[in-house]
Amino acid sequence: MNIMGNLQQLGRAMMLPMIVLPAAAVFLSLSQIPWAAIGLDNLSGQLETAGQALFLFMPYLFALGIAMGLTNNAGAAGVASLAGMFIYTAVTESFSDSIQPTVLIGVLIGIVSGYAYERFKEFRLPEYIQFFGGPRFVPIFVSFVSVLFSITMLSIAPAIQEGMHQLGSIVSSAGGFGVFLFGFVHRILVVFGLHHLVSHVFWFQVGGYETPGGQLVYGDLPRFFAGDPTAGAFMAGLYPTMMFALPAIAFAIIHEAREDLKPKIRKIFLSAALASFLTGVTEPIEFAFLFVAPYLFVIHAVLSGLIMWLTYEMGILHGFSFSAGAIDFIVNEHLATRGWLLLPIGLVFGLLYYVLFRWAIWRFRIPTPGREEGSQLDEWAGDIPYRAPLILQALGGKENIVRMEACITRLRLNLNNDRLLDINALRSLGAAGVIRLGAGSVQVVFGTYSELIREEIMKTLRRDVAQVLFCSPMQGKMIPLEEVPDPIFAGKLVGQGVAFFPDKGELVSPVEGTVVHIYPTMHAIGLRTDKGLEVLLHIGIDTSQLKGKGFHAVVQEGDHVLPGQLLIRFDMQRVRKGCKSLATPMVITNSDMVRSWSFAPFKAVKKGQASVMSVVLKERNEGDSK
């Protein structure tokens, strides 16, 4: 059983209902404005009611969001979750005055609805009642489960509610150390995308508060917005980390970058720092050093916990609706206790982070982005539609994807075989990191572009166009064809494509196909794919004058070759001395078959690395009409 995969899917699903909470926070903040002064006497009350309504119906939002998140937005699961919540509320309120729906109930009914859908979506009944089979059976099943669950809860709910209060007391008794432990574990679990699971317990379940209207609310976050003067301890300490510490790391990475790469790194990481400061989205910065210096991430997690401990001891209480960024800080400051102190604390820790990380990067020569050619984070420049087919290839292709979802900063995938991943290609295409969780569960961190990438990949899968994907034919650096020092190739008179400067004397096949021609001097080779695409690989410029000296072909005409299979070995030193340039074009000589092209970023590549080029072929009748 893929436990880690199921947990990360549940963690992602728990994020869905939280996307409406910023609206609630804004409404509550706007309700504090004296609207009566401009003649809008009722607007304050209306805005407050709108904000509180989202918190009042939060159990329903969690039930629906989790059910949809676990089933890739299946409508039957969503309907089943709402039906289950309506039944639970009606039954419990009719026979008890003390039981109210909570977020925990919404989570449980959402999980039941999601897994019921996966279990019964292909459920078959006898033909004469098959109308109620398949997905239509899910709401029926969940409704019956909800009735039994509601009846059971009438007996055990008082004990559960008391247990929640006791849990809150136990957590409170741990004092600052308990808050530190939460902050440390929360940061560590960010690596696996499971931090939503632990934060959900503290933010939505631990601790109870009865509002002046008699409503019971649970969890640090709802209690904060309901006016509980003791709520906010498990959120306040995150503000200095998000707003100051992580942007400081971004500045350290910028200042330690090589001078020639610094302009690009500055643009990328200033954007990442601003995202962290304003919205609390931190993964683009954290994953820039996580894989190259994991010990630094542990230190970062400890410091994050210590910040939370410090804010707790200073009696600072603050909350957020989405994440601990400046927007939430400003919007919710009117509900905070000593919240302004978070700013000087953040400045002090920001300086500490900057000095520590800049020293560590310099002292231990940590290869953070900008320290070497080819950074893990990349500038997208709005070309996601063109990279999507390349990312799909780097994930192992259409047949390798079982499920693909996206949260705020990462793709969450279930793959048939995670060994088919090309991590170098994914990083070249902009991924900040790749995390294998086992049993085919994988996360690829693309930052806030993740949802857009998923949509483009899904469009690519739905189109199911005739496409040919190219691997790198050699280890070295990929360059535009226009930079080849030869007017014939640079002018694309032979065909469209890309070129490479080799680091090693090996040429491999970029595609699956047949060897149709090997030049007598063995400096060039022609391949034909099963779709009829003709590919020319030409090692160096003016290398025909070497008359085969320094080249050795290991395949013959007529051989069937696979991507990454060795074609030609060549003596780098001898060829370099005897030719104009080692630039090696890879061109399609019958480019009239191609409808569109996609190229990966022009940077260092490994031999056989997936996703350097992709072409979509014209339909047959489209090509014939020309």
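Up top you'll find the structure we're talking about.
What you see as residue numbers is a count from 1 along each chain, following the sequence as written. A pLDDT threshold of at least 70 governs which residues receive local features in this predicted model, and a stricter bar of 80 or more applies before side-chain atom pairs are shown or counted, although totals over entire chains, interfaces and linings include all residues. Side-chain metrics rest on all non-hydrogen atoms present in the structure, leaving aside hydrogens and water.

### Comments concerning the pattern of salt bridges
Here is the rule: For salt bridges, the criterion is a side-chain nitrogen of Lys or Arg within 4 Å of an Asp or Glu carboxyl oxygen. Labels follow the DSSP assignment, with helices taken as runs of H or I lasting at least four residues and strands as runs of E lasting at least two, numbered in each case from the N terminus. Three labels apply to residues, based on accessible area from a 1.4 Å probe with only protein chains included: buried if under 20% of the type maximum, exposed if over 50%, partly exposed otherwise in between.
Applying the stated rule across the entire model yields 14 salt bridges. Across the pair lysine 459 and glutamate 456 runs a salt bridge whose closest N-O atoms are separated by 3.5 Å. On the criterion of helical spacing, the pair formed by lysine 459 and glutamate 456 is a turn pair, its members being 3 residues apart in helix H20 (residues 450-463). According to the relative accessible area criterion, lysine 459 is partly exposed, its value standing at 36%.

### Side note on the sheet that holds strand E3 (residues 401-406)
For clarity, the threshold we go by: Two strands qualify as a pair provided DSSP detects at least 2 bridges between them. The axes used here are C-alpha line fits, helices contributing only the stretch in contact, and every angle between their N-to-C directions lies in the interval 0 to 180 degrees.
Judged by pairing direction, the sheet is antiparallel, and its 4 strands sit side by side in the order E3-E4-E6-E5 without closing on themselves. Where the open sheet ends on each side, the last strands, each with one partner, are E3 and strand E5 (433-438). Here the strands of the sheet are splayed against their neighbours by 20° on average, with no regard to which way each runs.

### Some remarks on the packing of aromatic side chains
Let me state the cut-off plainly: Pairing of aromatic side chains here covers Phe, Tyr and the six-membered ring of Trp, requires ring centres within 6.5 Å, and sorts the geometry by plane angle: under 30 degrees stacked, over 60 edge-to-face, intermediate tilted. When the NZ atom of lysine or the CZ atom of arginine is within 6 Å of a ring's centre and also within 35 degrees of its normal, the charge is said to sit over that ring.
Tallied over the entire structure, the rule returns 31 aromatic pairs. Relative to phenylalanine 234, the ring of phenylalanine 202 has its centre 4.9 Å away and its plane inclined at 40°; by these criteria the two rings are tilted. Here phenylalanine 202 is found in helix H9 (residues 195-204), whereas its partner phenylalanine 234 is found in helix H11 (residues 233-236), with 32 residues between them in sequence. According to the relative accessible area criterion, phenylalanine 202 is buried, its value standing at 17%. Using a relative accessible area of 9% as the deciding quantity, one classes phenylalanine 234 as buried. Plain terms: the ring middles of phenylalanine 289 and phenylalanine 297 are 6.0 Å apart, the flat faces sit at 35° to each other, and that makes the pair tilted. Its end group placed over the ring of phenylalanine 364, arginine 363 keeps NZ or CZ at 5.5 Å from the ring centre.

### Structural notes on the pairing of strand E6 (residues 441-445)
The element E6 is largely enclosed, with a buried count of 5 among its 5 residues. Sheet topology note: the strand E4 (residues 410-415)/E6 ladder contains 5 bridges and is antiparallel. The residue of E6 that forms the bridge with leucine 411 is valine 444. Where E5 meets E6, 5 bridges bridge the pair, whose relative direction is antiparallel. When the sheet's bridge partners are listed, glycine 433 is paired in E6 with valine 445.

### A word on the nonpolar core
The cut-off we apply is this: Put simply, a nonpolar core is a bunch of buried Ala, Val, Leu, Ile, Met, Phe, Trp, Tyr and Cys residues held in one set by side-chain atoms that sit within 4.5 Å of each other. When checking whether two residues touch, look at their non-hydrogen atoms; a contact exists if any pair is within 4.5 Å.
Counting 85 residues, the largest nonpolar core has Trp203, Phe204 and Leu221 as the members making the most contacts within it. Of the residues forming this core, the biggest block, 13 residues, is contributed by helix H12 (residues 238-255). Every residue in contact with phenylalanine 204, bar those within four places of it in the chain, is listed here: Met18, Leu21, Met58, Phe62, Val103, Ser199, Tyr218, Gly219, Asp220, Leu221 and Pro222. The next biggest cluster of nonpolar side chains, apart from the first, holds 37 residues, and it includes Val498, Ile539, Val612 and Val615.

### Regarding the packing of helix H4 (residues 58-70) against helix H5 (residues 75-95)
The test is simple: Any angle between 65 and 115 degrees counts as roughly perpendicular, while under 35 counts as roughly parallel, over 145 as roughly antiparallel, and the rest as oblique. Each crossing gets its hand from how the near helix is turned against the far one by less than a right angle, where anticlockwise is left-handed and clockwise is right-handed.
Packing of H4 against H5 brings their axes to within 8 Å, and their N-to-C directions diverge by 150°. What the angle tells us is that H4 and H5 run roughly antiparallel. Like other packed secondary-structure pairs, H4 and H5 cross with a definite hand, here right-handed. On H5, the residues touching Pro59, Tyr60, Ala63, Leu64, Ala67 and Met68 of H4 are Ala77, Gly78, Ser81, Leu82, Met85, Phe86 and Thr89.

### Some thoughts on H9
A turn of α-helix holds 3.6 residues, and therefore any two residues three or four places apart point the same way. Within H9, 8 of the 10 residues are buried, leaving the element largely enclosed by the surrounding structure. Among the residues of H9, those classed as buried are His195, His196, Val198, Ser199, His200, Phe202, Trp203 and Phe204.

### Describing unusual backbone geometry
Across the chain, the bulk of peptide bonds are trans and the bulk of non-glycine residues have phi less than zero. Residue arginine 365 is not a glycine yet carries a positive backbone phi of 50°. Positionally, arginine 365 belongs in the loop between helix H17 (342-363) and helix H18 (384-394). Despite not being glycine, methionine 522 shows a phi value in the positive range, around 60°.

### What about the environment of glutamate 256?
Take glutamate 256: it is sitting in the loop between H12 and helix H13 (262-279). Assessed through its relative accessible area of 13%, glutamate 256 is described here as buried. In contact with glutamate 256, other than residues within four places in its own chain, are Arg358, Ile361, Trp362 and Arg371.

### Description of a nonpolar patch on the surface
Selection rule: Patch membership is restricted to residues that have no salt bridge and whose relative accessible area is over 30%. Joining uses 9 Å for like charges and 5 Å for the nonpolar side chains Val, Leu, Ile, Met, Phe, Trp and Tyr. Accessible areas in this description were obtained via Shrake-Rupley with a 1.4 Å probe; residue shielding takes into account the shown protein chains only.
The grouping of Phe177, Leu181, Val185, Val298, Val302, Leu306, Trp309 and Tyr312 at the surface amounts to a nonpolar patch, some 610 Å² of accessible area in total. Mapped by element, the contributors of at least two residues to the nonpolar patch are helix H8 (175-190) and helix H15 (294-313). Ranked by residue count, the leading element in the nonpolar patch is H15, at 5 residues. Along the polypeptide, valine 302 turns up in helix H15.

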